[in-house]
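Fold and geometry: a report
As a plain string of letters, each chain reads:
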Amino acid sequence: MTRRDLFGVLGLSALALRKAAAADAALRFTALDHIEFLVSDVEKSAAFYTRVFGNTALKNNKTTRRYVQIGAGYLAMDKGMDKGAVRVDHVCTGIPNFDVAALHVYLDAKGVSYRDFPSGKDLAVADPDGTRLQLATDNGWTQLLGGTASPESFPSSGQPVFRPVGIDHVLLNVTDPEKSAAFFEKILGPVTQRNNNRIWFQAGTGRLGLLRTPSGEKAGVNHFCVSVAKFDYDAAVKNLQQAGVKFDPPEIAGAPDLRDPDGYRVQIMGPR
């Protein structure tokens, strides 16, 4: 073996070791940072969410996109350009000390395909059903204030119904729960819980769940849940009913299930 061949072998060995180390490492998450969805009427949706969760909102400086703060996270909404385009665009997990180059190495080692966002500062992966999960820096609300968006107020009719703490969880409808679980394990780590035909992963303070797509529904986001400070259930429900908000039967006692103007299902969870 020549000296050049030896260096080549050593170089390949070092690369293999780096890839193995990256594959064994675990990503750390702070929380579910935000959810972005396409809506039929941006102003109407933003007014709804500020009425429910408080009037801390931003408008994108270049587009019609609005953002409503949910604790340390936020909800983003923009106009669906095509008929039938009302849908959740993506869910985002926040990663502390985010390094997109290191994340590339990690995902390559895991064999997970990804697509960088145009900014080059973050990226997204797609589950087996095509639902997108964005991987980005945590504390995204602060990033928005750095030049992406500016404060905007909506007409207020009193105090918000709830005081949001953060995004508690997102439940996804999936075609094959075990196949989807194998995919998310590569990113979020081991399954943390199985209950009620649901598979759960922890992402910092938030959770991502998988449910076999119910009959008559599509793969994608089944619902998202916002954690809030202690509230009076009867008073909150009465307030929302008077505002014309529609409800689903609650899945959990004391946790209202409501529908936004486009029919997105929003669960409200107080302290447990």
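Residue numbers restart at each chain and count upward from 1, following the sequence in its written direction. Side-chain atom pairs in this predicted model are given and counted only at pLDDT of 80 or more, local residue features only at pLDDT of at least 70, and totals for whole chains, interfaces and linings cover all residues. Each side-chain value is worked out from all heavy atoms of the structure, with water and hydrogens disregarded.

Turning next to the pairing of strand β14 (residues 220–228). Within β14, eight of the nine residues are buried, which leaves the element mostly enclosed by the surrounding structure. With eight bridges joining them, strand β10 (residues 164–174) and β14 adopt antiparallel strand pairing. By the bridge assignment for β14, Ile167 is matched with Val226. Two strands make a pair as long as DSSP finds a minimum of two bridges between them. Working definition: helices are DSSP H or I runs of at least four residues, strands are E runs of at least two. Numbering for both runs from the N terminus. Two elements, β14 and strand β17 (residues 265–269), share four bridges in a ladder whose sense is parallel. Following the sheet pairing, Val226 is matched in β17 by Ile268. Whether a residue is buried, partly exposed or exposed follows from its accessible area with a 1.4 Å probe, protein chains only, as a fraction of its type maximum: under 20%, in between, or over 50%, in that order.

Pairing of aromatic rings covers Phe, Tyr and Trp, the last through its six-membered ring, and needs centres within 6.5 Å; plane angles under 30 degrees mean stacked, over 60 mean edge-to-face, and all others mean tilted. Considering all chains together, one arrives at 11 aromatic pairs under this definition. For the ring pair Phe184 and Phe201, a centre distance of 6.2 Å and an interplane angle of 50 degrees mean the geometry is tilted. Residue Phe184 is located in helix α5 (residues 177–188), and its partner Phe201 is located in strand β12 (residues 198–203); the two are separated by 17 residues in the primary sequence. The same class applies to Phe184 as to Phe201, namely buried. Sitting over the face of the ring of Trp200, Arg207 holds its NZ or CZ atom 4.3 Å from the ring centroid. Each ring is checked for a lysine NZ or an arginine CZ that lies within 6 Å of its centre and within 35 degrees of its normal; such an atom marks a charge sitting over the ring.

Turning our attention to the sheet that holds strand β1 (residues 31–39). One key point about sheets: their strands pair by backbone hydrogen bonds, in either a parallel or an antiparallel sense. Pairing is mixed in the open sheet, where nine strands are placed in the order β6-β7-β8-β5-β1-β4-β3-β2-β9. For this open sheet the edge positions go to β6 (115–116) and β9 (149–152), each flanked by a neighbour on one side alone. With three bridges connecting them, strand β2 (residues 57–60) and strand β3 (residues 66–70) associate as antiparallel partners. Looking across to β3, one finds that Leu58 is bridged to Tyr67.

The next point concerns the side chain of Asp168. Mapped onto the elements, Asp168 comes out in strand β10. Classification of Asp168 by relative accessible area gives buried; the value is 8%. Ignoring any residue separated from it by four or fewer positions in sequence, one finds Asp168 in contact with Leu32, Thr205, Gly206, Arg207, Cys225, Val226, Ser227 and Arg272. In what follows, a contact means two residues having at least one pair of non-hydrogen atoms within 4.5 Å.

Note: pLDDT gives the predictor's confidence per residue, expressed from 0 to 100. Mean pLDDT over the chain: 91, with 90% of residues reaching 70 or higher. In this model residues 12–22 is a low-confidence stretch, pLDDT under 50, and it forms four contacts with partners more than four residues away in sequence or in other chains.

Spatially, eight strands are ordered β11-β12-β13-β10-β14-β17-β16-β15 in an open sheet, and the strand pairing comes out mixed. Lying at the two open borders of the sheet, with one neighbouring strand each, are β11 (193–195) and β15 (246–252). Adjacent strand axes in the sheet meet at a mean angle of 25 degrees when their direction is disregarded. Of the strand pairs in this sheet, β10 and strand β13 (residues 206–212) are connected by six bridges, and their pairing is parallel. Note that in β13 the partner of Val174 across the bridge is Arg212. An axis is simply a line fitted to the C-alpha atoms; with a helix, the fit covers only the stretch in contact. Between two such axes, the angle follows the N-to-C directions and lies from 0 to 180 degrees.

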